[in-house]
Amino acid sequence: MKVDEDKHLSVVTSVELRKLFSAKKIIKVTEVNLSANQERAEMEKKRLVWKVEDTSDHENKVIRGGPIDPKRLVVELSPMEIRTFVIDFHPDVFEA
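Note that the coordinates shown come from a computational prediction; the quantities given were computed from them, not determined experimentally. (Residues numbered from 1 in each chain as written. Predicted model: local features only at pLDDT ≥ 70, side-chain atom pairs only at ≥ 80, totals over all residues. Heavy atoms only, no water.)

Novice: Just checking my understanding: could you explain the overall build of the protein for this structure?
Specialist: Counting secondary structure elements, the protein contains three helices and four strands. Traced from its N-terminal end to its C-terminal end, the protein shows the element sequence β-α-β-α-α-β-β. Out of the 96 residues in the protein, the part that is buried amounts to 23%. Counted over contacts in the protein with a minimum sequence separation of 6, partners at least 24 positions apart contribute 68%. Carbon together with sulfur atoms contributes 53% to the accessible area of the protein, which is approximately 8000 Å² in total. (Helix = DSSP H or I, 4+ residues; strand = E, 2+ residues; numbered from the N terminus. Buried < 20%, exposed > 50% of the residue type's maximum accessible area, 1.4 Å probe, protein only. Contact = heavy atoms within 4.5 Å. Areas by Shrake-Rupley, 256 points an atom, 1.4 Å probe, with all protein chains shown as cover.)

Novice: Whenever I open this one, the environment of glycine 65 confuses me. Can you help?
Specialist: You can see glycine 65 is positioned in the loop between helix H3 (57–60) and strand E3 (74–77). Residue classification places glycine 65 among the buried positions, given a relative accessible area of 8%. On a C-alpha basis, the gap between glycine 65 and valine 12 in space is 6.8 Å, while along the polypeptide they are 53 residues apart.

Novice: What's the story with unusual backbone geometry in this structure? I'm lost.
Specialist: One can expect most non-glycine residues to show negative phi and most peptide bonds to be in trans. Backbone geometry places alanine 36, a non-glycine residue, at a positive phi of 60°. Looking at the element boundaries, alanine 36 is found in the loop between strand E2 (24–32) and helix H2 (40–46). Here alanine 36 falls in the partly exposed class, since its relative accessible area comes to 43%. Despite not being glycine, methionine 80 shows a phi value in the positive range, around 65°. Relative to the helices and strands, methionine 80 resides in the loop between E3 and strand E4 (84–94). On the accessibility criterion, methionine 80 (67% relative accessible area) is exposed.

In short, geometric facts, not functional conclusions.
Structure, rendered in structure tokens:
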């Protein structure tokens, strides 16, 4: 689904990691690239910027989810966005 393709389905959504992993205690969350071998912050510093001619503003409109909220542990995902995280859990906390 593309941005603005559907007024209900092509919107930013949130994933609450605490609810998703409710039986575990999350210690640390780090966003990484898709192959999980580099932190996203480092990858963004090295990203190439392409100059493109003859494109309309609508074609270049990209919505990306924001950074993870470290206190609430909420991840935003935009349409067609894939994000990868390495999550460290507390080793002794497993509720049944």
